[in-house]
Number of protein chains: 2
Amino acid sequence: MEDIDRQIVRLLARDGRMSWTDLGRATGLSTSAAQQRVRRLEQRGVLTGYAAVVDAEAVGLPLTAFISLTPIDPSAPDDAPERLAGLPEVEACHSVAGQESYILKVRVASPGALESLLATIRARAGVSTRTTIVLSTPYEARPPEV
Amino acid sequence: MEDIDRQIVRLLARDGRMSWTDLGRATGLSTSAAQQRVRRLEQRGVLTGYAAVVDAEAVGLPLTAFISLTPIDPSAPDDAPERLAGLPEVEACHSVAGQESYILKVRVASPGALESLLATIRARAGVSTRTTIVLSTPYEARPPEV
DNA sequence: GATGAAACGGATGAGCA
DNA sequence: TGCTCATCCGTTTCATC
């Protein structure tokens, strides 16, 4: 990837609403050249979308946790991600190497909500769970150094 | 929070570059009313920014891992987050309850890069590490159900 | 990749409920 | 306080070189 493209990715990762004009100014390109670069980066799948960053606490989800999943029946088909995709509390699902099969990141309103979410996860996916509660988050979702 | 604000947050979480005009159309508001709502949500800290979503693989960081940290000297001041903030590979740092003190999420180019990153982390923060490598990510950074 | 023109969206202030 | 409307200016988009 070219250096200008790296710059564009870095700038848009920090301010996703930046105008193509400002992007051009920052990279020494005309507005339309900057826009073309962005379109190409989108088409190549480098930029997959734009999102507002939402403060989970401010929207009533102050409790974050990581939940590791272990299938109870190792011979059963492993479709935990699909079975859990419908739960809005589940922000991320990673398949991992190691003792456990998956790591989920979840956001809930309260310990009680976490308790019932865990019950739902166990029932739906046929897994046992190990939960690690997040106390604070010094930083999160920092843009990658491209 | 009002229902219209919830709608706005949900829409902007899915498309952070949506125009205020479209946002107004989707919520039954005028352009400037929608814009005012967004400004207020920003000021109240509900919306903390806008970011392009970058495909880590596409920018040469195909390897994701979670690293749990345990301080070697429990009596030493615990400033691991600050000590590691300068490492661009570290995307997130959470302080957690449980056996370990912190969970990091990191993105690197290769197993070799992970190896040297681990050495750096241990040296800089005075911790022992436990690494869980991500094999695949069925989903990630799904917007919260506000 | 740059330029220029037309269409569009964003910002702002006045007026109103 | 929060909305609409009108207006101005910057931005986006597209054709063209």
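Residues numbered from 1 in each chain as written. Chains lettered and ligands numbered in written order. Predicted model: local features only at pLDDT ≥ 70, side-chain atom pairs only at ≥ 80, totals over all residues. Heavy atoms only, no water.

**Q** Help me out: how do you make sense of the protein's contact with DNA strand D in this one?
**A** Near DNA strand D there are 16 residues, and of these W20(A), Q35(A), S30(B), S32(B) and R37(B) occur at the shortest range. Looking at DNA strand D alone, sugar and phosphate atoms form 70% of those within 4 Å of the protein. Side-chain polar atom of R37(B) to a phosphate oxygen of DNA strand D: 2.6 Å apart, as the coordinates give it. If you list the elements that add at least two residues to the surface near DNA strand D, you get helix 2 (20-27) and helix 3 (31-43) of chain A together with helix 3 (31-43) of chain B. Grouping the constituent residues of the surface near DNA strand D by class yields three nonpolar, eight polar and five charged. (Near = heavy atom within 4 Å. Polar contact = N/O pair within 3.5 Å; in protein donor to acceptor, adjacent residues only side chain to side chain. Helix = DSSP H or I, 4+ residues; strand = E, 2+ residues; numbered from the N terminus. Nonpolar A, V, L, I, M, F, W, Y, C, P; charged D, E, K, R; others polar.)

**Q** Honestly, the packing of aromatic side chains in this entry has me stumped. Any pointers?
**A** Under the criterion given, the structure shown has one aromatic pair over all chains. Between F66(A) and F66(B), the aromatic rings sit 5.9 Å apart at their centres with planes inclined by 65°, giving edge-to-face as the arrangement. Placement of F66(A) in strand 2 (residues 63-71) and of F66(B) in strand 2 (residues 63-71) is noted, with the two residues assigned to different chains. Of the two residues, F66(A) and F66(B), both sit in the buried class. (Phe/Tyr/Trp six-rings, centres within 6.5 Å; stacked < 30°, edge-to-face > 60°. Buried < 20%, exposed > 50% of the residue type's maximum accessible area, 1.4 Å probe, protein only.)

**Q** How should I be thinking about the sheet that holds strand 5 (residues 127-139) of chain B in this particular structure?
**A** Hydrogen bonds between backbone atoms are what pair the strands of a sheet, whose relative direction is either parallel or antiparallel. Read once around its circumference, the closed barrel built from eight strands follows the order 2(A)-4(A)-3(A)-5(B)-2(B)-4(B)-3(B)-5(A), with strand pairing classed as antiparallel. Taken pair by pair, the neighbouring strands of this sheet meet at an average axis angle of 35°, ignoring direction. When strand 3 (residues 90-96) of chain A meets strand 4 (residues 102-108) of chain A, the two strands line up antiparallel, connected through five bridges. Across the sheet, H94(A) pairs through a bridge with I103(A), a residue of strand 4 of chain A. Sitting on the sheet, helix 5 (residues 111-125) of chain A is in contact with strand 2, strand 4 and strand 5 (127-139) of chain A, with an inclination near 140° to strand 5 of chain A. Strands strand 2, strand 4 (102-108) and strand 5 of chain B of the sheet are contacted by helix 5 (residues 111-125) of chain B, whose axis makes an angle of about 140° with strand 5 of chain B. (Pairing = 2+ DSSP bridges. Axes fitted to C-alpha atoms, helices over the stretch in contact; angles between N-to-C directions. Contact = heavy atoms within 4.5 Å.)

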